[in-house]
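Residues per chain, in single letters:
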Amino acid sequence: MVMMSFLPPVSAWLNPFARVPRGASFALPLLVILICSGCVSSRGRIEPVDDPPLVADTPPPLVHDVPMAASEAKSEGDSEVPVAVAESEQHEAPPKPGDLPEVIVKGRTRDLIIRDLVAEGQAQLRDVQLQYVLTGKEGHEVLRGRPVAFALWSEAQKNWTIAHLEIPRPPVKWKPGRGELPFTVRTPGIEARHVKGTGAERLMFTFSRDGEELKVYGRKFPVFDNALIKKKRWREAAATARSIVYLPYTADTLDPRFITGGKDFLLATARGAIDELRDAGVPSEAFPGELLADVIPAEVIATLAVIEQTDDEDFIEKGTDAFDEVLSQYGLKREEAYRYSVSSAKALGPMQFTDRRGHGTYSFVVRSCRGAQLDPNFERGSTRLRNAMKAAVCLLDLDLSQMNSEIRAAYRAKPDVLGIFPVAAYNGGGRNVAKLYRALNRMGVQLAELRRAGKLPPGSAVVCPCVWRQDGSLVQAVSIPRYNSENSGYIEKYQSILSLFD
């Protein structure tokens, strides 16, 4: 079978990448070319192309996205990143390949080698243009798919390959567990397998060529204006797309030093956020007369930054190893990690706040916790980790202020263990707190009996999600009666990871 790519060599697309300042606006010329031949797919099929127009990935004017209404409940999934978030992706241009030091240096630790490869992968993608294919007649054009580019490293050849793929255009209707994500590989000789996700934060593939597994160290992904997508104005959506260079979690970057570094980074950032609240003298709503900084432990905030980014299915399948993957990403990407995370409920950023066009959780916290001096801009404030952590501290305190005196007193005595209540509220609101409280009462578990989670002995009949209670000299697990599967699973994740931050 003869396989050909419709794409010209990468070197033919190179163009200086100019950052467009906020408020800038200019006309965007559209590059239209004729495409012949077939397109190579991961399954070896050849797709005919009827000379569709192709829009060049030239720097577009700034487009502000309007936050969409969303449920307060956080759910798994990938949604479109607001253009305003993508626009703030880089404040400094990535290094050019020729400016980087030698990638492999004898005697260097693996984490430093990975950092060099990720930096060079970003540089390799710096000037790569994504190409958008429009099909149909003028006035009724449709974007064929979303182009994505990956920087692949060959250990055997010690060289880079840029692989071009095309995935379904938004809105993506594919869901995990419902068959394979359809996609097309546009680079000859490359084989790809979809691993996870569809959006800017999690979309990832594995790649191979001639039997060699290639390592993924960079990805270029276009973000579209949601308003244009909803109106199906595909040519404008392609013309104003903002491309971001960001590497989601991949097994190629998992490293013990990144896991440890991720823990340290999250704790340091949480403590820094709490120190800012202390310096500002922000009072607690839940415990009048006390400072907010003395109410919510940094460890609780650090756990939220992990469990908000740990998929339920990953946790069920991998256990605490799923936490290591998230921590490794924080250790590698630090402040940049999970800033493009958008759930199907439109919850945004590492701490997964929603906004509902200025009437959601984030705006409520900004108004209610004025002394914290939170960034009033939702897209910016929810994607900057320290600011988002300050907002999370405020929200947990506000949630606690709405709980009964028994819960508040028990929490004040053991904030880490009784953190299950504000954490339950963070995930699903006050109704889940009431359900959890009633469930514990039905179990005959007193709040003062609750303890840190332990490990179930082999052959235990206890089925988790569960809580751990002091029974004489023993600490035993007790299954939580069914009240809300998502919320009880969230509490299970919280208890499982808390000890990692001791």
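Please read these numbers as outputs of a predicted model, since none were measured by experiment.

## Thoughts on the state of the cysteines
Taken as a whole and judged by the stated rule, the model has two disulfides. Here C369 is linked by a disulfide to C394, with a sulfur-sulfur distance of 2.2 Å. Taking the sign of the S-S torsion, -55° for the link of C369 and C394, the bridge is left-handed. Of this pair, C369 sits in the loop between α9 (361–368) and α10 (378–383) while C394 is found in helix α11 (residues 385–401), placing the two residues 25 residues apart along the sequence. Assigned by exposure class, C369 and C394 land together as buried. Each disulfide pairs two cysteine sulfurs, and for C464 the partner residue is C466, the sulfurs being separated by 2.0 Å. Classification of the bridge connecting C464 and C466 rests on its S-S torsion, roughly 55°, and on that basis the disulfide is right-handed. The partly exposed category is assigned to C464, whose relative accessible area is 30%. Bonded cysteines in the chain are paired 1-2, 3-4 when counted in the order they occur along the chain.

## Here's the deal with the pairing of strand β7 (residues 159–167)
On a regular strand, one side chain projects to one face of the sheet and the next to the other, so that they alternate. The element β7 is largely enclosed, with a buried count of eight among its nine residues. Relative to β7, strand β6 (residues 146–154) is paired through nine bridges, and the arrangement is antiparallel. Within β7, the position partnered with V148 by the bridge is L165. Linking β6 back to β7 in an antiparallel pair, the connection comprises four residues, with K158 at a positive phi of about 55°. By the bridge criterion, two bridges tie β7 to strand β8 (residues 184–185) in an arrangement that is antiparallel. Note on β8: the bridge partner recorded for E166 is T184.

## Re the side chain of D311
Mapped onto the secondary structure, D311 falls in the loop between α6 (298–307) and α7 (312–318). Only 2.9 Å separates the side chain of D311 from the side chain of K196, close enough to count as a polar contact.

## Let's talk about the confidence of the model for the chain
The predicted coordinates ought not to be read in detail in places where the model reports low pLDDT. Of all residues in the chain, 81% attain a pLDDT of 70 or more, and the chain-wide mean is 84. The low-confidence segment residues 100–105 (pLDDT under 50) makes 10 contacts with residues lying over four places distant or belonging to another chain.

## Section: the nonpolar core
Residues F205, F207, L266, M351, F353 and F421 are the most contacted members of the largest nonpolar core, which totals 137 residues. The greatest single-element share of this core, amounting to 10 residues, is contributed by α11.

## Some remarks on helix α5 (residues 256–279)
Here α5 contains 24 residues, and its C-alpha end-to-end distance of 35 Å stays within 8% of the 34 Å for a straight helix at 1.5 Å per residue. Taken together, the buried positions of α5 are F258, I259, G262, F265, L266, L267, T269, A270, G272, A273, I274 and L277. Here α5 starts with a cap whose side-chain oxygen sits 2.9 Å from the backbone nitrogen of R257, and that cap is D255. G281 lies just past α5 and shows a positive phi near 65°.

Scoring rules and cut-offs
Residues numbered from 1 in each chain as written. Predicted model: local features only at pLDDT ≥ 70, side-chain atom pairs only at ≥ 80, totals over all residues. Heavy atoms only, no water. Disulfide = S-S within 2.5 Å. Helix = DSSP H or I, 4+ residues; strand = E, 2+ residues; numbered from the N terminus. Buried < 20%, exposed > 50% of the residue type's maximum accessible area, 1.4 Å probe, protein only. Pairing = 2+ DSSP bridges. Polar contact = N/O pair within 3.5 Å; in protein donor to acceptor, adjacent residues only side chain to side chain. pLDDT = per-residue confidence, 0-100. Contact = heavy atoms within 4.5 Å. Core = buried A, V, L, I, M, F, W, Y, C linked by side-chain atoms within 4.5 Å. Expected span 1.5 Å × (residues − 1).

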